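Listed below are the residues making up each chain.
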Amino acid sequence: MRSSAPLPRMSRRGRVTIGVLVGVFVLFTLLGWGVQAWTDWLWFDEVDYKQVFTGVLATRLLLFLAVGLGMAVVVGGNLWLAQRLRPRMRPQSPEQVTLERYRMLLSPRLGTWIALVAAVIGLFAGLSAQSRWNQWLLFRNGGDFGVKDPEFGVDVGFYVFDLPFWRYLLGVAFTAVVLALIGALAVHYIFGGVRLQGVGDRMSNAARAHLSTLVAVFVLLKAIAYVLDRRAMLLEYNDGANVYGAGYADVNALLPAKEILAYISVVVAIAIIVFSNAWMRNLVWPGISLALLGVSAVAIGGIYPWAVQTFEVKPSARDKEAPYIQRSIDATRAAFGLTGTETEPYAASNLTPPATLATDTAVVPNARLLDPQLVSETYTQLQQVRGFYDFGPKLDIDRYAVSGKTQDYVVGVREINYSELTAQQSNWINRHTVYTHGYGLVAAPANQVVCGGQPLFVSGFLGEKSQEACASQTEQIPASQPRIYYGERMEEGDYAIVGRADPDANPAEFDRPVGEGGDNGPESYYTYTGSGGVEIGSFTRRLLYAIKEQESNFLLSEAVNENSKLLYVRNPRERVEKVAPFLTVDGDPYPAVVGGRVQWIIDGYTTAATYPYAERINLQTETTDELTNRGTFQLARENVNYIRNSVKATVDAYDGTVTLYEFDDSDPVLKAWNKAFGGDLVKPKSEIPAELSAHFRYPADLFKVQRNLLTRFHVTNPGDFYSGQDFWQVPNVPDAPDSGQKQPPYYLFTQFPGQESPRFQLTAAVTPNGRQNLAALISGSYVDGQPRLEVLELPDQTRISGPVQVHQQMTNNAQIRQQLNLLSSNQAQVQYGNLLSLPFGNGMLYVEPVYVKSNQQDAYPLLQKVLLSYGDGGSYVVLADNLTDGIKQLVEQGKRAGAPATPPPTGETPPSPPPGPGATPPPLTGELAEAANRVQAAITEVRAAQASGDFERYGRALKALDEAITAFQQAQTAAAPTPAPGGTPRPTPSGSASPTPGG
């Protein structure tokens, strides 16, 4: 037999070149990893959270080595075993002649080839495993929830902490066995243990035993998978009931099927080994066993559950699925913190503005007029002072007690916006050593304007006193350290180098303009004295960060000296995410003055995706609305079915200190994470300063998730839930309903019915599914430091309009539309602020500020008018110059609607006045009574059509009402041929002028 020609060998120069290139690649890769790890260590040391860095790094390394080494040993061991079991004699065939050249290539260095393949597979397996550090830490440190699942009676902690990691390990085992099987089969084939040609058996006894054992192990792993799948069924979607969790067919058909298949898999695994090696020693019966397993999986695990679902469940799904829908309702409400939701009925039956509106001290005076989204431009233009200062596209709402009075304020921080620096200001020295910080927290009362619609600024002045006529003359919210080195406008790469070599030298950091003179006025400079920042005075540190930032000025510039510190990761939200990588961070951090310092307050959530029977939602989808990415951060596309606001984090705006406070002390997930990092990562709730807790507010993203879930899961009866008739929906933005964007919730300092005093609460209105009238008001607040969700639920057939309807009715009113048209022109545009729905006097008060913004360059919105409505949204509408005047006009409208007609001149017979609220109207007879009944029926239809939001139906109802009123007048004329002078007033619904569509 003539052997084939050997493969050409690579030249020595080629081998050296490849070696050098590989070495350079590895060197730079390791250098990059090393620099990143070293600088991360220095950063974590600065913020005093080294246990997070070391804990995560050690866990990643452990998983990398354990899984990588395990995978390499399994695959490499089977490859080695396959070559050891190769036959000594191989029958001659063309196939073996072809394979001989490969055997000649592999045989001399077979061990090296096996080690290389195993190392590559282990490397990729280890890299994949190290990303599972969070699952491993929860697996190691998780405990019990104290709640058992309704099917197996297993603690929920197993599903949250253990099941994800067990499923991952099972996946690793499957991968290892499959790769080992493929690799062993290839080696057996190359070395003749498995043949496709020639006489005799196609497989040697040793190869058959080896490969059949691997197949049997795979089938045994499948049996384990069936056991885990039984538990995982409680996490799957139930199509029949449109909820999550195992349904009737799953529990009564698929669940026992999985158990049967697990037993069958064990039997098949044993049969494969026995029939392949101990008895018949061929692959026919093992193949039949595998085929039977496949058929069983299809028949028992597929066809049977389908038949139960189709022929037993679907014909009576409401009754069959009711217990499982109830499980999902209960689990969802528990997993998302909805169990304690307090629902109170609110009749909202009063449609006439009560006189108490004018004397109220809890609701009306606290109605917020400043919209934080619109007035951010106003803040920027009036408080910017320098072009590089910025307040962002959206401000925040907080409350302060000033002069003994607590009210909400619109607050913003005067930050450096590096993108607004001029070309001259943007050189490296200026950008990183001169323009290092902003200055001041600027606040204005949320319900007060001055000087033609401007906010009344009460803090954040650049000097000791305000130099403006339209602002408070003294600081009402003083901050002893107003400088802002850490803020929301800071992006990656916006690092600052602070500190000076000579303490006697002039400060280099631009602090703020002082005195008068605008952009050309005098300026103050400053030197940072805070504890924050990484020291970079040594040559080694400067070299390190020069490599990290790819910037030679760290080594060359005289601005970097032995006292220099580097401030980076300056965005408060990013700092919290880096310190606590296990938290999902709320998208709307807000600043507060606490202890004389500006503190950023950030809400942190612990989440899970494996709470049995709970609804699974996508955080990004559920929290997206009109304000997303407009001053807020968009959350990641994370699927969760459990969430808790477990942590309140603060970031000091001056020195960057990050503090994590436990807020939900009953959350098992936070306890597991705290234990994983030493037990003292998060400060206990008892250590939260009282001044700080006074500024805690119900987090917006959590509220959105809970509000959206309550639109369905406020229904707790499984039959009603299945029908879906009582579901709600979140309305679109009132002034742009066609945009498809949801109306954001809004913060208010107000008092709702049933509350003992005004609270700072986050509020949202919801409407019935597919309709636009108001269904309920949902609010979230803190009472005695505990979160509380409350729902004011209106009757099903309420006449009260929802936000979209109310805005349309107010702006389409003929008189108001005329005034709004006068405000808007080619030189200006009208902008609408938050539409507030305020329950008051057993009715509903709506308040919507109206801003006017000139089209001139650098113009900003000014609050010019206030739209108010009471009742059903269309009967009593006012466009006033301010809230006080608007309330007075509403009350006057209510009085006129209930007042008797003006008496006629002396000597004339007065017409009979319309019956008052408590009077008994005179009886009507004959055609007059029939005509009156038609009028009443027409009025009822008008109200129903108005509440439904169907404008076509509303138009028909108005036409029928007009015809009924005409018929009533004719019948009245026939009954009294000589009417009193002035005629008879036309009866109208609710005692108001005849309604017009939309108005």
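Residues numbered from 1 in each chain as written. Predicted model: local features only at pLDDT ≥ 70, side-chain atom pairs only at ≥ 80, totals over all residues. Heavy atoms only, no water.

1. Comments concerning the overall build of the chain
Here is step 1 of the chain: Counting its regular elements, the chain contains 26 helices and 34 strands.
Here is step 2 of the chain: The long-range share in the chain, meaning contacts at least 24 apart out of those at least 6 apart in sequence, stands at 68%. (Helix = DSSP H or I, 4+ residues; strand = E, 2+ residues; numbered from the N terminus. Contact = heavy atoms within 4.5 Å.)

2. Focus on the environment of Phe 218
Here is step 1 of the chain: With respect to the helices, strands and loops of the structure, Phe 218 is situated in helix 7 (residues 205-232).
Here is step 2 of the chain: Judged by its relative accessible area of 33%, Phe 218 is partly exposed.
Here is step 3 of the chain: Along the primary structure Phe 218 and Phe 174 are separated by 44 residues, whereas in three dimensions their C-alpha atoms are 6.7 Å apart. (Buried < 20%, exposed > 50% of the residue type's maximum accessible area, 1.4 Å probe, protein only.)

3. With respect to a nonpolar patch on the surface
Here is step 1 of the chain: Residues Ile 18, Val 22, Phe 25, Val 26, Leu 30 and Trp 33 make up a contiguous nonpolar surface patch of about 640 Å² in total accessible area.
Here is step 2 of the chain: Topologically, Trp 33 is positioned in helix 1 (residues 12-47). (Patch = residues over 30% accessible without salt bridge, like charges linked within 9 Å, V, L, I, M, F, W, Y side chains within 5 Å. Areas by Shrake-Rupley, 256 points an atom, 1.4 Å probe, with all protein chains shown as cover. Salt bridge = Lys/Arg side-chain N within 4 Å of Asp/Glu carboxyl O.)

4. Quick word on the confidence of the model for the chain
The predicted structure's coordinates, where accompanied by low pLDDT, should not be read in detail.
Here is step 1 of the chain: For the chain, per-residue confidence averages 85 on the pLDDT scale, and residues scoring 70 or more make up 85% of the total.
Here is step 2 of the chain: In the predicted structure, residues 900-922 sits below a pLDDT of 50 and forms 7 contacts with residues beyond four places in sequence or in another chain.
Here is step 3 of the chain: Segment residues 977-999 is flagged for pLDDT under 50; beyond a separation of four residues in sequence, or across chains, it makes 41 contacts in the model. (pLDDT = per-residue confidence, 0-100.)

5. Observations regarding the sheet that holds strand 5 (residues 396-402)
Here is step 1 of the chain: What the 3 strands build is an open sheet, ordered 5-6-9; its pairing is antiparallel. Each edge of the open sheet is held by one strand with a lone partner, namely strand 5 and strand 9 (441-445). Adjacent strand axes in the sheet meet at a mean angle of 45°, parallel and antiparallel pairs treated alike.
Here is step 2 of the chain: When strand 6 (residues 405-413) meets strand 9, the two strands line up antiparallel, connected through 5 bridges. Looking across to strand 9, one finds that Gly 412 is bridged to Val 442. (Pairing = 2+ DSSP bridges. Axes fitted to C-alpha atoms, helices over the stretch in contact; angles between N-to-C directions.)

6. Quick notes on the state of the cysteines
Here is step 1 of the chain: The final tally for this structure, using the stated rule, is 1 disulfide.
Here is step 2 of the chain: Each disulfide pairs two cysteine sulfurs, and for Cys 451 the partner residue is Cys 470, the sulfurs being separated by 1.7 Å. Judged by the torsion about the S-S bond (-95°), the Cys 451/Cys 470 disulfide is left-handed. Taken together, the positions of Cys 451 in the loop between strand 10 (449-450) and strand 11 (454-455) and Cys 470 in the loop between strand 11 and strand 12 (483-484) put the pair 19 residues apart, joining distant regions of the chain.
Here is step 3 of the chain: Judged by its relative accessible area of 42%, Cys 451 falls in the partly exposed class.
Here is step 4 of the chain: Using a relative accessible area of 19% as the deciding quantity, one classes Cys 470 as buried. (Disulfide = S-S within 2.5 Å.)

7. Considering unusual backbone geometry
Here is step 1 of the chain: At Val 385, a position not held by glycine, the phi torsion is positive, near 70°.
Here is step 2 of the chain: Position of Val 385 relative to the elements: it lies in the loop between helix 12 (375-383) and strand 4 (389-390).
Here is step 3 of the chain: The class for Val 385 is partly exposed, based on a relative accessible area of 33%.
Here is step 4 of the chain: At Asp 858, a residue that is not glycine, the phi angle is positive and equals roughly 65°.
Here is step 5 of the chain: For Asp 858, the location among the structural elements is in the loop between strand 32 (843-854) and strand 33 (862-870).

8. Observations concerning helix 20 (residues 700-713)
Here is step 1 of the chain: Its 14 residues place the ends of helix 20 19 Å apart at the C-alpha level, agreeing with the 20 Å of an ideal helix rising 1.5 Å per residue.
Here is step 2 of the chain: Extensive coverage of helix 20 is indicated by the burial of 13 of its 14 residues. (Expected span 1.5 Å × (residues − 1).)

9. With respect to the packing of aromatic side chains
Here is step 1 of the chain: Enumeration over the complete set of coordinates arrives at 42 aromatic pairs.
Here is step 2 of the chain: With centroids separated by 5.5 Å and ring planes inclined at 80°, the aromatic side chains of Phe 158 and Tyr 159 adopt a geometry described as edge-to-face.
Here is step 3 of the chain: When its relative accessible area of 0% is taken as the criterion, Tyr 159 is described as buried.
Here is step 4 of the chain: Residues Phe 510 and Tyr 525 carry aromatic rings whose centres are separated by 6.0 Å and whose planes lie at 85° to one another, so their mutual orientation is edge-to-face. Here Phe 510 is found in strand 14 (residues 509-513), whereas its partner Tyr 525 is found in strand 15 (residues 523-526), with 15 residues between them in sequence.
Here is step 5 of the chain: Tyr 525 gets classed as partly exposed once you look at its relative accessible area, which sits at 39%. (Phe/Tyr/Trp six-rings, centres within 6.5 Å; stacked < 30°, edge-to-face > 60°.)

10. Some words on the nonpolar core
Here is step 1 of the chain: Of all hydrophobic cores here, the largest spans 205 residues; its most connected members are Leu 660, Leu 845 and Val 847.
Here is step 2 of the chain: Sort the elements by how many residues they give to this core and helix 6 (residues 156-190) lands first, with 17 residues.
Here is step 3 of the chain: Those residues in contact with Val 847, other than ones at most four positions away along the chain, are Ala 367, Leu 369, Asn 834, Leu 835, Leu 836, Leu 838, Val 866, Leu 867, Leu 868 and Leu 883.
Here is step 4 of the chain: By size, the runner-up hydrophobic cluster in this structure holds 22 residues, among which are Ala 348, Leu 351, Ile 816 and Leu 867. (Core = buried A, V, L, I, M, F, W, Y, C linked by side-chain atoms within 4.5 Å.)

11. Observations concerning the pairing of strand 5
Here is step 1 of the chain: Counting buried residues along strand 5, 6 of its 7 residues qualify, which places the element largely inside the surrounding structure.
Here is step 2 of the chain: In this structure, strand 5 lies alongside strand 6, joined through 7 bridges in antiparallel fashion. For Ile 397, the partnering residue across the bridge sits in strand 6 and is Val 410.
Here is step 3 of the chain: The loop that links strand 5 with its antiparallel partner strand 6 comprises 2 residues; one of these, Ser 403, has a positive phi angle of about 55°.

12. Comments concerning the sheet that holds strand 16 (residues 534-535)
Here is step 1 of the chain: Judged by pairing direction, the sheet is antiparallel, and its 3 strands sit side by side in the order 13-17-16 without closing on themselves. The sheet is open, and its two edges are formed by strand 13 (496-498) and strand 16, each paired on a single side.
Here is step 2 of the chain: Of the pairings in the sheet, the one linking strand 13 to strand 17 (residues 565-567) comprises 3 bridges and is antiparallel in character. Within strand 17, the position partnered with Ala 496 by the bridge is Leu 567.

13. Section: the packing of helix 5 (residues 133-141) against helix 18 (residues 668-676)
Here is step 1 of the chain: One can describe the packing of helix 5 onto helix 18 by two numbers: an axis separation of 9 Å at closest approach and a directional angle of 100°. With respect to helix 18, the axis of helix 5 lies roughly perpendicular. Mapping the contact onto sequence places Trp 133, Asn 134, Leu 137, Leu 138 and Asn 141 in helix 5 and Ala 672, Trp 673, Lys 675 and Ala 676 in helix 18.
Here is step 2 of the chain: Residue classes in the contact of helix 5 with helix 18 are distributed as 6 nonpolar, 2 polar and 1 charged. (Parallel < 35°, antiparallel > 145°, perpendicular 65-115°, else oblique. Nonpolar A, V, L, I, M, F, W, Y, C, P; charged D, E, K, R; others polar.)

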